[in-house]
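Examination of the molecular architecture
Take a look at the letters that make up each chain.
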Amino acid sequence: MRAMVYRGPYKIRVEEKDIPAIEHPNDAIIRVTLAAICGSDLHLYHGLMPDTRIGHTFGHEFIGVVHEVGSSVQNLSVGDRVMVPFNIFCGSCWYCARGLYSNCHNVNANATAVGGIYGYSHTTGGYDGGQSQFVRVPFADVGPVPRPDWMHDEDAVLLTDAAATGYFGAQLGDIAEGDTVVVLGAGPVGLIAAQSSWLMGAGRVIVIDQLEERLAKARSMAYAETFNFTEYDDIVVEMKKQTDYLGADVVIEAVGAEADGSFLQHVTGTKLKLQGGSPIALNWAIDSVRKGGTIGVVGAYGPVPNAVKFGDALNKGLTLNMNQTPVKRQWPRMFEHVRNGHLTPREMVTHRFELEDIAEAYHVFSAKLDGCIKPLVLPSAA
Ligand SMILES: NC(=O)c1ccc[n+]([C@@H]2O[C@H](COP(=O)([O-])OP(=O)(O)OC[C@H]3O[C@@H](n4cnc5c(N)ncnc54)[C@H](O)[C@@H]3O)[C@@H](O)[C@H]2O)c1
Ligand SMILES: [Zn+2]
Ligand SMILES: [Zn+2]
């Protein structure tokens, strides 16, 4: 089969690999029909994720058709069209029993903090991902769900991570009726966080980014007020002005550790790696939210502490909620929202690349060329 393969930072190739085999009776092999590149994949591409090994196949957003099932699989049959959450989880440990699927304790021998994720380095278990023609899906009775007939393929693939994460970010914000919500980042995650904020009762939704095409999308897709942080001396002061100098009730951080906006943090965080990334978006969240307010963090951070304004967060009495998204937990409600048009994930798809051209796709998405907001990957049948 053809598969995307990592060869080192900024080096992606498509190579011939063996079709994965069933390794456990509850495995399934899925033939991938549509995949995507996530903002999180860029952290791998840039060489910022520890233990990203040469030869690893990325890809944690994918849908496909069941190609083979292990002997104990009961919920799937060959030929079923399925969508696969990005989390690998057992469904029965202490954490899974409480819906904390992204914190499953049985799927990642390499770390105790994070569970298993497809194609996301050996730090999250070393599972090969779905930017390929076939992928092995462990715990096949637990994660995958049949794709509803009415659902568009492009909505389905985005529900496996980006859209679910945006919705989760808004949930983490614990939005009350009428709240002013600031969303940092107008990438795919931030865009859906903005749409979701309205569904959860927000009275005002403000989106901040530096890329005009993404801010335009935030206006057309989520009816948000938008601010380009490069146009202000201090975007935090502007947010104070916008909120009667109180601050926002809720801030959703949908940027993560590769944030721009501070040269010093950028150099020490992502260039020299003196800290685990740049905490600028997190610090803007802490500074922009009002005292007693809530921050929902879905932007990705490494395990190493950053120069985070933790004392300010404490003194302001903030609530910080965060996690990797437990995707399957979001699906029942999200499916309804997609069906009735209140969430429109596929509106943010700007590019579609053949798997053979995935190196170009990573380059375009990483450098934010050609107005790229969300690239999909089409693995043609083997
Ligand atoms: N928690 C989870 O389960 C989960 C799942 C998916 C993605 N993520 C993370 O969420 C984040 C967003 O993902 P994405 O796919 O939308 O990524 P993306 O890279 O497409 O979007 C990030 C956006 O943030 C903007 N930005 C940079 N610095 C900023 C700043 N200081 N303030 C405001 N905006 C700023 C960028 O211009 C970009 O548009 C990433 O860190 C990703 O790893 C987490
Ligand atoms: Zn992702
Ligand atoms: Zn578990």
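Residues numbered from 1 in each chain as written. Chains lettered and ligands numbered in written order. Predicted model: local features only at pLDDT ≥ 70, side-chain atom pairs only at ≥ 80, totals over all residues.

Here we take up the site of ligand 1. Around ligand 1, the structure places 35 residues, and the nearest of them are Gly39, Ser40, Gly187, Gly256 and Ala300. Among the elements of the structure, α1 (39-45), α4 (162-172), α5 (188-199), β11 (204-209) and α9 (280-288) are those that each provide at least two residues to the shell around ligand 1. In terms of residues, the shell around ligand 1 owes the most to one element, α1, which gives four residues. Class assignment of the residues belonging to the shell around ligand 1 gives a composition of 18 nonpolar, 13 polar and four charged. Split by domain, the shell around ligand 1 shows at least three residues from each of two domains, domain 1 (2-161 + 326-378) and domain 2 (165-322). (Near = placed C-beta within 6 Å. Helix = DSSP H or I, 4+ residues; strand = E, 2+ residues; numbered from the N terminus. Nonpolar A, V, L, I, M, F, W, Y, C, P; charged D, E, K, R; others polar. Domains from an automatic or database assignment.)

Moving on, we get to the domain arrangement of the protein. Under the domain assignment, the protein is made up of domain 1 (2-161 + 326-378) and domain 2 (165-322). Between domain 1 and domain 2, the C-alpha centre-to-centre distance is 26 Å. Each partner contributes to the interface: domain 1 provides 19 residues, whereas domain 2 provides 21 residues. Listing elements by their share of the side of domain 1 that touches domain 2, those giving two or more residues are α1 and α11 (327-339). Of the residues in the side of domain 1 that touches domain 2, the class split is seven nonpolar, eight polar and four charged. (Contact = placed C-beta atoms within 7 Å.)

Moving on, we get to the environment of Pro188. Considering the arrangement of structural elements, one finds Pro188 in helix α5. Looking at Pro188, the number of C-beta atoms within 10 Å reads 28, which means it is buried. In the structure, Pro188 is positioned 141 residues away from Gly47 in sequence and 21 Å away in space, judged by C-alpha atoms. Apart from residues no more than four positions distant in its own chain, Pro188 is found in contact with Gly39, Ala162, Met348, Ile373 and Lys374. (Buried ≥ 20, exposed ≤ 12 C-beta atoms within 10 Å, placed from the backbone.)

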